[in-house]
Amino acid sequence: MLRLHNSIRPAFRSRRWAHNIPSFSHLNTVNEEDLAHFSRILAPTSILSTLPSISTPADDIAPYNVDWMGKYHGQANSVLRPRTTQQVSEIVKYCAQRKIGIVPQGGNTGLVGGGISLQKEIVLSLGAMNNVRSFDPVSGILVADAGCILQSLSEYIAPHNHIMPLDLGAKGSCQIGGNISTNAGGLRLLRYGSLHGTVLGLEVVLPDGTILDQLSTLRKDNTGYDLKQLFIGGEGTLGIVTGVSILTPPAPQATNNIFLALPRFDNVLPLFQTVKRQLGEIMSAFEYIDRTAYDMGLQHGLGPLLSADEVGDSQCFVLVETSGGNQDHDLEKLNNLLESLLTADEPLINTGVLSQSPTQFNSIWALREGLTECVQKEGKPYKYDVSVPLADFQIVVDAVRERMISKGFYGDHAISKVMGYGHVGDGNLHLNVIAKHGYRPELEAALEPFIYEIVADRKGSVSAEHGIGSMKRDALHYSKSDVSIDWMRKIKQVFDPLNIMNPGKVLP
């Protein structure tokens with residue numbers, strides 16, 4: 001690699017806070033008769049249940065009842081794994097008649113419990129619906145089942161010189177239907193925008209079993225209400241996404257990245273402005289990592305990208321990626337940028353590295369993408385995916401750390417680390433609070449609603465890209481007005497009057 005050398009506690013608004021336990025008295029539990037009916041729709045291998053007629057081992061059901069963090073534990077006694085949209089339709093129609101709650105589940109990689117049952121709803125896993133229906137290499141439009149894994153779709157279109165418009169750390173296990181249902185953002189949003197723009201059409205099974213076929217491959221369709229937008233980020237509360245039509249961009253012909261060490265957080269904002277101005281259209285990612293997260297990554301074998309002497313007392317780091325059509329053109333822009341940064345009267349950076357090969361390019365990204373796994377190795381993380389103004393990133397992290405110190409929870413006996421990293425380009429901070437010895441009620445009580453108050457005070461959002469699920473249901477009012485929530489309830493009532501579709505999620 002080419003090496004280059006050279007807290008104040010905020011005020012809060014007082015808001016109501018309560019963890020309300022949703023009522024499931026209107027729903028029925030799955031019984032043997034229900035399983036008999038489902039067996040007429042699905043093959044025996046597509047039904048898992050702890051009920052006597054099937055007696056699936058508990059270990060085989062467990063992956064559907066526990067999220068990947070081990071934080072949320074469901075109670076579903078049965079899991080259905082349909083292979084076709086028609087099977088989903090028949091299952092949902094029956095569940096509506098029987099008033100059985102349904103939890104749609106993709107790759108189970110969420111952070112807010114959106115894909116885990118709260119009581120004894122049935123889990124409907126989309127993983128077996130994993131076929132690519134079509135791909136047009138001219139337009140770049142991909143049509144696929146909702147259960148297709150994001151990385152598998154990337155590999156499918158790669159020979160045609162296209163890429164998926166979103167890229168996530170969980171791409172090896174998350175599913176495109178779940179990505180859409182949570183309106184996942186990820187590492188490429190800065191360049192290619194959100195799923196609200198790249199999704200062209202959806203196929204959705206509605207709560208009464210009706211199949212809503214809006215699987216359009218048109219770039220323009222200005223005929224009435226754009227219903228698909230309700231299901232993007234709807235978290236399965238209005239219907240089950242079974243198919244998607246999505247616009248995939250051409251693969252860049254040249255990709256490069258640089259990793260920069262900054263002396264202080266205050267330099268991030270002017271650096272972002274400088275990079276945007278000088279790189280222009282080729283900038284595709286601008287990622288932030290604080291010093292705590294960087295040091296944690298090193299402890300778990302990520303890097304080092306810079307020597308300890310070069311890093312010195314740097315407070316934070318930035319990863320910049322470029323994606324363009326001409327390597328010489330892009331490198332000229334990058335070299336001009338780096339020269340200007342290093343020769344400035346008051347340099348914004350201490351040092352940095354510029355990747356010189358695909359291996360070095362991947363190693364720089366590995367540090368950023370590997371942080372989530374490192375966090376898991378440190379203990380049990382309280383993860384808060386929030387949007388706040390860039391200038392407030394460090395203020396939020398510092399305020400939470402100070403809160404833990406004031407409560408006597410900061411240290412290896414309780415909260416061992418508080419750190420932040422995320423997507424600067426879209427104001428998305430991933431705040432991680434690591435409980436070294438596991439989740440405890442008193443730790444959560446110290447964190448919530450404190451964190452939501454900080455976010456609200458800065459006119460941010462309590463959820464940037466992972467949804468509301470069950471975790472943030474009672475925090476929704478920190479980001480949405482009473483009028484907005486009231487109309488969301490009205491929309492839910494129109495689509496799902498029986499409240500069987502992912503009940504207890506999103507709405508308080």
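Let me begin by describing the structure that accompanies this report. Fair warning: this is a prediction, and the values are worked out from it, not measured in the lab. (Residues numbered from 1 in each chain as written. Predicted model: local features only at pLDDT ≥ 70, side-chain atom pairs only at ≥ 80, totals over all residues. Heavy atoms only, no water.)

Along its length, the protein carries 18 helices and 17 strands. Here the C-alpha coordinates of the protein stretch approximately 75 × 60 × 45 Å along the principal axes. A total accessible area of about 21,000 Å² is found for the protein, and carbon and sulfur atoms account for 51% of it. In the protein, which carries 44 positive and 52 negative side-chain charges, the distance between the mean positions of the two groups comes to 5 Å. (Helix = DSSP H or I, 4+ residues; strand = E, 2+ residues; numbered from the N terminus. Areas by Shrake-Rupley, 256 points an atom, 1.4 Å probe, with all protein chains shown as cover. Lys, Arg positive; Asp, Glu negative; His and termini not counted. Charge placed at Lys NZ, Arg CZ, Asp CG, Glu CD.)

In this section: the pairing of strand β9 (residues 211-214). Relative to β9, strand β8 (residues 199-205) runs antiparallel, the two being bridged by four bridges. Residue L202 lies in a different strand from β9, and its bridge partner there is Q214. Counting the residues in the hairpin turn of β8 and β9 gives five residues, including G209, whose phi is positive at 95 degrees. (Pairing = 2+ DSSP bridges.)

Further remarks concern unusual backbone geometry. Among all residues except glycine, the phi angle is most often negative; among peptide bonds, the trans geometry is most common. P304 follows G303 through a cis peptide bond whose omega is 5 degrees. Structurally, P304 is set in the loop between α10 (291-299) and α11 (308-311). Cis geometry is adopted by the peptide bond preceding P449, which originates at E448 and carries an omega value of 10 degrees. The phi dihedral of S55 is positive, around 55 degrees, even though this residue is not glycine. Classification of S55 as partly exposed rests on a relative accessible area of 44%. Residue N183 is not a glycine yet carries a positive backbone phi of 50 degrees. (Buried < 20%, exposed > 50% of the residue type's maximum accessible area, 1.4 Å probe, protein only.)

As a packed pair, helix α9 (residues 268-279) and helix α12 (residues 327-342) sit with axes 10 Å apart at the nearest point and diverge in direction by 145 degrees. The way α9 lies across α12 gives a crossing that is right-handed. Seen from α9, the contacting residues are L271, T274, V275, Q278 and L279; seen from α12, they are K333, L334, N336, L337, S340 and L341. Looking at the contact of α9 with α12, its residues break down into six nonpolar, four polar and one charged. (Axes fitted to C-alpha atoms, helices over the stretch in contact; angles between N-to-C directions. Left-handed = near helix turned anticlockwise from the far one by under 90°. Contact = heavy atoms within 4.5 Å. Nonpolar A, V, L, I, M, F, W, Y, C, P; charged D, E, K, R; others polar.)

Time to look at the nonpolar core. Counting residues in hydrophobic clusters, the biggest one holds 67 residues, and the most contacted among them are V268, L271, F286, Y384, V400 and L431. Once you skip the residues sitting within four places of it in the chain, L271 turns out to touch L260, L262, F286, V318, L341, L348 and I349. Residues F135, C148, I176 and A184 belong to the second largest nonpolar core, which totals 28 residues. (Core = buried A, V, L, I, M, F, W, Y, C linked by side-chain atoms within 4.5 Å.)

Evaluated as defined, the whole model comprises eleven aromatic pairs. With a centroid separation of 6.0 Å and 25 degrees between ring planes, the pair formed by F259 and Y294 is classed as stacked. Linking F259 in strand β11 (residues 254-262) with Y294 in helix α10, this pair joins segments that are 35 residues apart in sequence. Like Y294, F259 is buried. Taking 5.6 Å as the distance between ring centres and 15 degrees as the angle between the ring planes, the aromatic pair formed by F259 and F317 counts as stacked. Of the two residues, F259 sits in strand β11 while F317 sits in strand β13 (residues 316-324), which places them 58 residues apart along the sequence. Across the pair, F317 and F259 agree in class, each one buried. Among the aromatic residues, ring-to-ring pairing joins F259, Y294 and F317 into one connected group. (Phe/Tyr/Trp six-rings, centres within 6.5 Å; stacked < 30°, edge-to-face > 60°.)

With the rule as written, the count across this model stands at 18 salt bridges. Across the salt bridge formed by R440 and E442, the nearest N and O atoms sit 2.8 Å from each other. R440 gets classed as partly exposed once you look at its relative accessible area, which sits at 26%. Among the ionic contacts, a cluster of salt bridges with common partners joins R133, D145 and E203. (Salt bridge = Lys/Arg side-chain N within 4 Å of Asp/Glu carboxyl O.)

With that out of the way, let us pick up the sheet that holds strand β6 (residues 132-136). The strand order across the open sheet built from five strands is β6-β7-β10-β8-β9, with neighbouring strands paired in antiparallel fashion. Of all the strands in the sheet, the pair left with one neighbour each is β6 and β9. With strand direction ignored, the average angle separating the axes of adjacent strands in the sheet is 10 degrees. Of the strands in this sheet, β6, β8, β9 and β10 (240-247) touch helix α3 (residues 85-98), which is tilted by about 45 degrees from β8.

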